[in-house]
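Report on the structure
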Amino acid sequence: MAHKKYTRVVLKLSGEALAGEIGYGIDPTVIQSIARQIKEVVELDVEVAVVVGGGNIWRGMAGSAKGMDRATADYMGMLATVMNSLALQDSLEAEGVPTRVQASIEMRQVAEPYIRRRAIRHLEKKRVVIFAAGTGNPYFSTDTTAALRAAEIEAEVILMAKNKVDGVYSSDPKLDDNAVKYDEVTFLEVIQKGLGVMDSTASSLCMDNDIPLVVFSITEEGNIKRAILGEEIGTIVRGNK
Ligand code: UDP
C-alpha cells in the first residue's frame, strides 16, 4: 500500500467544484469523478470528512446585495449545502462507500444532527462523514466550517479542492499574467496580502489551531490521492514556514 502522509483529513469542496463547467447546480459527471477520487483515498484507510459548500446554488452575500435580509439569505445558503451534501452522499454510496451526512441545522428526516463524538466514531468505522449546513450560523462560510470541524475532529490537514485554480497565486492568474504560484505560504501572508484562499475568519481559525491547508485543483483526477500521499501538488498553507 502506498505510504500516506495523513490519516484523518477534512476535504473542503466548494459548491462551484460540483457545478463543473456549467457553473451552476450539480454536474453528475463531475460529482461522480469526485466520489471516485474520495473512494481511492478511503481505500488507503484514510478517514475522510467532507465539508461541502453551496455557492453553486446560493450565496448569502449575493442575496443580501440584492436587498434581502443577510441572515435569511445565509440560512438559504446553508440549505444549499445540504442539497449538495445529499448529492455527494448519493454518488459515494453508488461507488459502494458508506457515508453519513451530519447537518448543523436539525433536519432528522434527511440527515443526522452534528454530534462530534458520533462523527469521530463514523470516521473510525471508515465511513465518510459529510458535514452539511455549514456551522449552522449566518455570517460564516463553509471554509470556516472546514476549519472548525477539522479542529474538533483533530484532522491533520484540510484539503481544499478548487475547480478553477491549482493553488495559491500572488494575484489572480486569470487577470494578471505576472501572477506567481506559491509552493508554500503562511496564513499570516494569506491574511495580510489578501490572497483569496479562504476568508479571514477561516484563515485565523486555521492559524490559531495550527491546521495546515493544501490547496489544489480537483479537475485533475487522482489529485485527492496525490495530496494524501504528500505529493507536491498545489500550495501548502501553514502557520509558520
Ligand atoms: N453559510 C452560512 N454559514 C455557514 C456556512 C455557510 O451562512 O456556516 C451560507 C453563506 O450564505 C454562504 C452559503 O452558505 O454564502 C454557501 O456557502 P459558501 O459560500 O461557503 O460555499 P462555497 O463558496 O464553498 O461554495
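Preceding this paragraph is the structure being described.
Residues numbered from 1 in each chain as written. Predicted model: local features only at pLDDT ≥ 70, side-chain atom pairs only at ≥ 80, totals over all residues. Heavy atoms only, no water.

Let us look at the environment of Asn223. Locating Asn223 in the fold gives a position in helix H9 (residues 223-228). Sequence-wise, Asn223 and Gln37 are 186 residues apart; in three dimensions their C-alpha atoms are separated by 7.6 Å. When residues no more than four places from it in sequence are discounted, the contact partners of Asn223 are Gln37, Phe216, Ser217 and Ile233. Looking at Asn223, its side chain comes within polar contact range of the main-chain oxygen of Ser217, at 2.7 Å. (Helix = DSSP H or I, 4+ residues; strand = E, 2+ residues; numbered from the N terminus. Contact = heavy atoms within 4.5 Å. Polar contact = N/O pair within 3.5 Å; in protein donor to acceptor, adjacent residues only side chain to side chain.)

Evaluated as defined, the whole model comprises 1 aromatic pair. Geometrically, the ring pair formed by Tyr114 and Phe131 is edge-to-face, given 5.5 Å between the ring centres and 80° between the ring planes. You can see Tyr114 sitting in the loop between strand S4 (112-113) and helix H5 (116-124) and its partner Phe131 sitting in strand S5 (residues 128-132), a full 17 residues away along the chain. The two residues Tyr114 and Phe131 agree in class, both being buried. Over the ring of Tyr114 we find Arg149; its NZ or CZ atom is 3.6 Å from the centre of that ring. Lying over the aromatic face of Phe131, Arg149 brings its terminal NZ or CZ to 5.7 Å of the ring centre. (Phe/Tyr/Trp six-rings, centres within 6.5 Å; stacked < 30°, edge-to-face > 60°. Buried < 20%, exposed > 50% of the residue type's maximum accessible area, 1.4 Å probe, protein only. Lys NZ or Arg CZ within 6 Å of the ring centre and 35° of its normal.)

From the geometry alone we can't say anything about function, so treat these as descriptive.
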